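Chain by chain, the residues:
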Amino acid sequence: MLRLLLGSFSVSLALAAQPMAPDPIAAPLRDLKWGQLNFLHTTDTHGWLAGHLQEPSYAADWGDYVSFAIRMREKANAQGVDLLVVDTGDRVEGNGLYDSSEPKGVYISEILRQQQVDLITAGNHELYKRNTSEAEYFTTIVNFHGNYLASNIDILHPVTNDLVPLAPRFKKFTTENQGIRIVAFGFLFDFTKNDNNTVVCPVEQTIKEDWFQDAIRDPDVDLFLVTGHVPVHSQEYKAIFKEIRSVRWDTPIQFFGGHYHIRDFARYDSRAYGLASGRFMETIGFMSVDGLSTKKRQTPALSTPSFQRRYIDNNLFSFLHHTELDRESFHTDLGQNVSWLIHESRSALRLDEVHGCSPRDLWMSRVKYPSEENIYTWLETQVLPDYLKDESRVGQPALAIVNTGAMRFDIFKGPFTQDTTFIVSPFTSGFRYLKDVPYEKAKLVLEVLNKQPQIFIDSARQSDFTWSLAPPERSVYNTDVTIDNGKLLRHSQLIDQAAALSDAGSRPKLQPGYTTTDDGGADGDDTIHSPIPFYRMPNCIQARVSLNASSAPDRVDLVYIDFIESYVALAAKFADLDVDFSRDSDVYMPSMTLTNLILNWVKDNWSCDK
């Protein structure tokens, strides 16, 4: 049915592909710098294939991206250069288009496969659950046959039960126009929380294996291409870089990464760079490499290739500018059909159904915690105290711990829809508890969880701890910063740059957005924005259930999200709680997830009548 829909419909679209999407806002733009080899890159899309229906800067959908990639390939071919499309994982969990179907992901694979992706890898979210990794093996890898790489992931074959590579370890190919000989890999960071039907081999162990050693010794290689769901500033990519450089001191290397949900650019040396392209279909990363020596084109041995990056805001204003096309000539039949398929899928899932209306914006990191407009304050003081109550423990005071990473996106003032439910909290995590533990010790658990650097000496374990508890982008920031990504760029500098790019020389009103500073400087964003504050949030928050602010009972129930049980157990030891979680813990509010708890609260408390 899905394929029939795709082949049978074409829609006439104006500025926004999805009917509810806002029109993009004109803004000063930086141009792309093309090279011999060019890339479009997505990562951590987490099901946001409909784009952002409440944010004009990121309102293009996957169909628009399909059209953009087609038009960019046409532009590359006209110049006699090459363009490759790359995706580095975490395509699942985080949006109603993926999470609200039963089973999950029924619609998304058909939408994804319409994009011609030249290299694709798995993220950690593809491996958390057995059914997700098996769907990856039987569907996604088949849809992108020959282009899906898994250098360090094995899977227990669902039929034979043999441990086999999830996908090919690497591939060698030659680009069509420039004849660039590329050896490509596809890695996942040293992930340990996957289901036991998959095995993730540590990167430093993988790169010592014979197949990798043979691949990096191939004499007929013009560029090594390392793709993967790995932060570009990470020990894993540093190890791969060093290993390649130990045998190929001058061969250019291009890395593509992800996982931290940020725009980032890493310089390893003058011939090796890495790009990470944000999250949630907010960013289409563009990368170009020029000055490569190929079989067709010899360059002097001592010449240094140039690497250029650009973070493209995912909206049609940017797409039209970079393809040099207008509204009538930009869209392709395939792209429009994909947009229609997204619309039909969203309709089938009733993602626009309104459950309530938020009276204000609630932010994850744009405002301080605690504060009235902070989403964690709302969760801590209203949602959890009101609705986290087990029938078997009525009236029993409790301290409830939720990690901040359980919340994935802001809530905007206005309709809270079925889609919003999964955007805000897509996970299936439920609650567990220890009953009747000493209050004075129970309240220390939160303090331990939020001061974990004092507990863990090994930096790798510190990172893993933060990744598991806080939102991924929190791993980058140790203190409050004044913009979304990187270091402070003064507002006056942003205005001056905008004026320089404005045709009239006037100083336009800038829209809030990414103002990235990375290893390449402060000019990577294609769109010049005004800065957004970023405030550091704790790893976890704690709500008081059936317990007022002034009371201090002798004993309480210690309730927590089940996903973080291992960390709560560790913190409990430091709080001197004499408990055995395998023996003493139990399910709290059976069959209730945080997602459904939030939804129930919204239905009962946020009316749309005002």
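Residues numbered from 1 in each chain as written. Predicted model: local features only at pLDDT ≥ 70, side-chain atom pairs only at ≥ 80, totals over all residues. Heavy atoms only, no water.

*Asks:* Honestly, the pairing of strand S12 (residues 272–277) in this entry has me stumped. Any pointers?
*Replies:* Remark: a regular strand shows side chains that alternate across the two faces of the sheet. By the criterion of burial, S12 is predominantly enclosed, with six of the six residues buried. Side chains of S12 alternate between two faces, with Ala272, Gly274 and Ala276 and Tyr273, Leu275 and Ser277 buried alike. In this structure, strand S10 (residues 253–257) lies alongside S12, joined through five bridges in parallel fashion. When the sheet's bridge partners are listed, Phe256 is paired in S12 with Leu275. Pairing analysis gives six bridges linking strand S11 (residues 263–269) to S12, with the strands arranged antiparallel. Considered in S12, the bridge of Asp269 is made with Ala272. Hairpin connection, S11 to S12: the antiparallel pair is bridged by two residues. (Buried < 20%, exposed > 50% of the residue type's maximum accessible area, 1.4 Å probe, protein only. Helix = DSSP H or I, 4+ residues; strand = E, 2+ residues; numbered from the N terminus. Pairing = 2+ DSSP bridges.)

*Asks:* Explain the packing of helix H12 (residues 375–387) against helix H19 (residues 594–605) here, please?
*Replies:* For any two helices packed against each other, one specifies the crossing angle of their axes together with the interaxial distance. It is the contact of H12 with H19, at a shortest axis distance of 10 Å, that shows an interaxial angle of 90°. Put simply, H12 runs roughly perpendicular to H19. Touching Trp378, Leu379, Gln382, Val383, Leu384, Asp386 and Tyr387 of H12 are Leu594, Leu597, Ile598, Asn600, Trp601, Val602, Asp604 and Asn605, all from H19. Classifying every residue of the contact of H12 with H19 gives ten nonpolar, three polar and two charged. (Axes fitted to C-alpha atoms, helices over the stretch in contact; angles between N-to-C directions. Parallel < 35°, antiparallel > 145°, perpendicular 65-115°, else oblique. Contact = heavy atoms within 4.5 Å. Nonpolar A, V, L, I, M, F, W, Y, C, P; charged D, E, K, R; others polar.)

*Asks:* I would appreciate a short explanation of the pattern of salt bridges in the present structure.
*Replies:* Proximity of charged atoms lets side chains of opposite charge pair with each other. By the definition in use, this model includes 30 salt bridges. A salt bridge links Asp118 to Arg73; the nearest nitrogen and oxygen atoms lie 2.9 Å apart. In this pair, Asp118 is assigned in the loop between helix H4 (108–112) and strand S3 (119–120) and Arg73 in helix H2 (residues 62–79), connecting sequence segments 45 residues apart. For Arg73, a relative accessible area of 16% puts it in the buried group. Each of Asp87, Arg91 and Glu136 takes part in salt bridges that share partners, so that together they form one network. (Salt bridge = Lys/Arg side-chain N within 4 Å of Asp/Glu carboxyl O.)

*Asks:* I would appreciate a short explanation of the packing of aromatic side chains in the present structure.
*Replies:* Within a pair of aromatic rings, the relevant descriptors are the distance that separates the centres and the angle that separates the planes. In the structure shown here, the tally under the stated rule is 33 aromatic pairs. Their ring planes at 70° and their centres at 5.3 Å tell us that Trp62 and Tyr65 sit as a pair that is edge-to-face. Of this pair, Trp62 and Tyr65 both sit in helix H2, three residues apart, which is roughly one turn of that helix. For Tyr65, a relative accessible area of 1% gives the class buried. Look at Phe185 and Phe187: their rings are 6.3 Å apart centre to centre, the planes differ by 45°, and that puts the pair in the tilted class. For Phe185, a relative accessible area of 0% translates into the label buried. On the basis of relative accessible area, Phe187 is assigned to the buried category, the value being 0%. Three or more aromatic residues joined by ring pairs form one cluster here, namely Trp48, Phe280, Trp363, Phe409 and Phe412. (Phe/Tyr/Trp six-rings, centres within 6.5 Å; stacked < 30°, edge-to-face > 60°.)

*Asks:* Looking at this structure, I do not really get the sheet that holds strand S4 (residues 153–156). What am I missing?
*Replies:* Note: strands within a sheet are paired through backbone hydrogen bonds, in either parallel or antiparallel orientation. Taken in spatial order, the three strands line up as S5-S4-S8 in an open sheet, and their pairing is antiparallel. Across the chains shown, the open sheet's two edge strands, defined by having one partner strand only, are strand S5 (163–165) and strand S8 (198–200). With direction set aside, neighbouring strand axes in the sheet form an average angle of 30°. Here S4 pairs with S5 via three bridges, running antiparallel. Residue pairing in the sheet places Leu156 in a bridge with Leu163 of S5. In the packing of helix H5 (residues 130–143) onto the sheet, the strands contacted are S4, S5 and S8, and the crossing angle to S4 comes to about 100°.

*Asks:* Mind showing me how you'd approach the side chain of Lys171 here?
*Replies:* Looking at the secondary structure, you find Lys171 in strand S6 (residues 170–174). As a buried residue without a salt bridge, Lys171 has its nearest oppositely charged side chain in Asp118, at a separation of 7.1 Å. A distance of 3.1 Å separates the side chain of Lys171 from the backbone oxygen of Gly146, its partner in a polar contact. A polar contact of 3.1 Å, which involves the side chain of Lys171, links it to the side chain of Asn147. Residues contacting Lys171, with those up to four places away along its chain left out, are Asp118, Leu119, Gly146, Asn147, Leu149, Ile182, Val183 and Ala184. (Lys, Arg positive; Asp, Glu negative; His and termini not counted. Polar contact = N/O pair within 3.5 Å; in protein donor to acceptor, adjacent residues only side chain to side chain.)

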